[in-house]
Amino acid sequence: MLSTDPIRHKANQELDSDRKAEWGQFMTPDATADFMAGLFDEPTDAVRLLDAGAGVGSLTAAFTRCFPASSVTAECWEADPIMCGHLVPLLDAVALRTPGFKFSVRKEDFIEAAATELISRKMPRFTHAIQNPPYAKIKAQSKHRHILRAVGVETVNLYSGFLALTIHAMAKGGQIVAIIPRSFCNGPYFKLFRALLLRECSLRRIHVFESRNKAFKDDAVLQENVIIRLDRGMPQGDVVVSSSAGLDFDGCPSRAFPFSCIVKPGDEDLFIHVPAPTDAAALSFSPLCAGTLKDIGLEICTGPVVDFRMTDDTRREMEVGTVPLLYAHHFKKGVLSWPDLAHRKPNAIRVSASSRRWLMPSGTYVLVKRFSSKEERRRITAYVLESTDLPDDLVGIENHWNVFHIGKHGLDFDLACGLAAFLNSTATDQVFRIFSGHTQVNASDLRKMAFPTQETLRALGKKAGKGPLAQEAVDTLISEMEITCGNA
Ligand SMILES: C[S@@+](CC[C@H](N)C(=O)[O-])C[C@H]1O[C@@H](n2cnc3c(N)ncnc32)[C@H](O)[C@@H]1O
């Protein structure tokens, strides 16, 4: 069997590092390429294979390793001459070893040429596509953006542009296996891409890497990637989700989830949730959970004070006419430490005509940091800011916080304590990770999660208090409550 790893390493040494990032030249190791090829059904007819952004040809080579007896005509697109210098000899070598294999190499810009061919209907319809597309932002006024728009593809990144064109180039029933960043699963920028993908294809498989640096470990790419399998124009059934720690795919856990667990019925944003295959709880909503924040009468906003817009009003220390200004660093290990004069950031904000509207009335709020670090065990860490914690009847809450409130006012104490405990539980963290692939904790993601009723949260809050509690203590409380609620 022909391994492409040595060729990949050789090409990697020849690539210019700036261009490598600009062109998204991160190549697939053989182990991942073989796993991807294995996600196709065994072909029964002649295969017309598309490999767009083919690099040195690792994915096409893996396809032929997986299905050596099939008749395969591959079309490999690669715009970089260095890559092409390796791609053509590699495909020649594959053809020598694999009797049913034919190929053509298109040394062109895939986005430009494929979009033009799709418009003029010259693009052949493919039965299979295997893909690791380049990852780079498409600028708003770029040629790529315009040409994609001309074929009805509105998207912000090369990878979604490649995949969107590939979807359009497939025959009915055509199968696509692609390794792409997980960022398309949520967020507003990829909404139109998700709509296209879910309208044109059924989602058959999602494979996640448990660690963000594993999929392309030779290139130190720190990005959460998923491998997906899509079938063009076929009815949607269950979705198989699997995961692996790294490139050892043997015996990795997998589970079939109803599509309603992946895209929630009625979700206009079409968020794609990726439950952990080991998470049986994801199959049903926890009996604790009653509805979204809105359903249970709570709201969330980002901290209203954007400090660089208010430098005239921010102050290092409290003085006459100022009120406290709270940054994320003011909570240390769950305990409020304000003011923090050792830190370079301000601790107070002057109440002025321009700042007044961004200040909140003093009250008991639940605060969640918007940016967790990769090292933190939990993505969500919630704190209770009690009305009596700070002097004054107004408070400035800086923009790196998410703030839970009711009509821009505080919550009652028990409700705030219960909400913070619920947010700090391992169960909530696991659910949150299903639909958030990044370390950012967005208010929009939290708005979509299911929460217990205010009554249940108050009961939890009475037991949990203001905290901070050890993780085990929070989780025990949550599971005790689940038993109570489940039996009720
Ligand atoms: C992420 S790499 C993947 C390479 C290969 N498929 C693999 O899995 O190893 C993406 C490839 O797309 C190529 N590429 C980037 N932009 C392109 C474009 N507009 N048209 C064609 N190829 C492009 C890059 O040179 C690079 O080889």
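Residues numbered from 1 in each chain as written. Predicted model: local features only at pLDDT ≥ 70, side-chain atom pairs only at ≥ 80, totals over all residues.

## What to know about the overall build of the chain
Then comes step 1: The number of helices and strands found in the chain is 15 helices and 20 strands.
Then comes step 2: Dimensions of the chain along its principal axes, counting C-alpha atoms only, are 80 × 55 × 40 Å.
Then comes step 3: When contacts within the chain are restricted to residue pairs at least 6 apart in sequence, long-range pairs at least 24 apart make up 77% of them. (Helix = DSSP H or I, 4+ residues; strand = E, 2+ residues; numbered from the N terminus. Contact = placed C-beta atoms within 7 Å.)

## Some points on the sheet that holds strand E10 (residues 299-302)
Then comes step 1: What the 4 strands build is an open sheet, ordered E10-E20-E17-E18; its pairing is antiparallel. The outermost strands of the open sheet, each flanked by one partner alone, are E10 and strand E18 (382-385). Direction aside, neighbouring strands of the sheet carry axes that sit 30° apart on average.
Then comes step 2: Where strand E17 (residues 365-369) lies against strand E20 (residues 401-405), 4 bridges are found, and the strand directions are antiparallel. (Pairing = 2+ DSSP bridges. Axes fitted to C-alpha atoms, helices over the stretch in contact; angles between N-to-C directions.)

## Regarding the domain arrangement of the chain
Then comes step 1: Per the domain assignment, the segments of the chain are domain 1 (5-280) and domain 2 (299-478).
Then comes step 2: Taking only C-alpha atoms into account, the centre of domain 1 sits 40 Å from that of domain 2.
Then comes step 3: Counting from both sides, the interface comprises 11 residues of domain 1 and, opposite them, 8 residues of domain 2.
Then comes step 4: Looking at the side of domain 1 that touches domain 2 residue by residue, the class counts come to 5 nonpolar, 3 polar and 3 charged. (Domains from an automatic or database assignment. Nonpolar A, V, L, I, M, F, W, Y, C, P; charged D, E, K, R; others polar.)

## Examining the packing of helix H8 (residues 158-168) against helix H9 (residues 191-200)
Then comes step 1: At a minimum axis distance of 11 Å, the contact between H8 and H9 shows a crossing angle of 25°. It follows that H8 is roughly parallel to H9 by the angle criterion. At the point where H8 passes H9, the crossing takes the left-handed sense. For the pair H8 and H9, the contacting residues are Ser 160, Ala 164 and Ile 167 in the first and Phe 193, Leu 196, Leu 197 and Glu 200 in the second.
Then comes step 2: Residue classes in the contact of H8 with H9 are distributed as 5 nonpolar, 1 polar and 1 charged. (Parallel < 35°, antiparallel > 145°, perpendicular 65-115°, else oblique. Left-handed = near helix turned anticlockwise from the far one by under 90°.)

## Overview of unusual backbone geometry
Then comes step 1: For the peptide bond that leads from Trp 338 to Pro 339, omega is -5°, which places it in the cis range.
Then comes step 2: Looking at where Pro 339 falls in the secondary structure, it is placed in the loop between strand E14 (335-336) and strand E15 (348-350).
Then comes step 3: Residue Pro 468 is bonded to the preceding Gly 467 through a cis peptide linkage, with omega at 0°.
Then comes step 4: Take Pro 468: it is sitting in the loop between helix H14 (454-464) and helix H15 (471-487).
Then comes step 5: Of note, Asp 392 is a non-glycine position whose phi angle comes to about 85°, a positive value.
Then comes step 6: Within the secondary structure, Asp 392 sits in the loop between E18 and strand E19 (394-397).

## Description of the environment of Gly 57
Then comes step 1: Turning to its location among the elements, Gly 57 is positioned in the loop between strand E1 (47-52) and helix H4 (58-66).
Then comes step 2: Separated by 279 residues in the primary sequence, Gly 57 and Leu 336 have C-alpha atoms spaced 55 Å apart.

## Looking at the pairing of strand E4 (residues 126-131)
Then comes step 1: Where burial is concerned, most of E4 is hidden: 6 out of the 6 residues are buried.
Then comes step 2: Two elements, E1 and E4, share 2 bridges in a ladder whose sense is parallel. When the bridges of E4 are listed, Leu 50 appears paired with Ala 129.
Then comes step 3: Pairing geometry for E4 and strand E5 (residues 170-181), over 5 bridges, is parallel. Note that in E5 the partner of Phe 126 across the bridge is Met 170. (Buried ≥ 20, exposed ≤ 12 C-beta atoms within 10 Å, placed from the backbone.)

## Side note on the site of the ligand
Then comes step 1: Near the ligand you find 21 residues, and of these Met 27, Thr 28, Gly 53, Gly 55 and Asn 132 are the closest.
Then comes step 2: Elements that contribute at least two residues to the shell around the ligand include exactly H4 and helix H6 (110-119).
Then comes step 3: Its residues placed into classes, the shell around the ligand shows 11 nonpolar, 7 polar and 3 charged. (Near = placed C-beta within 6 Å.)

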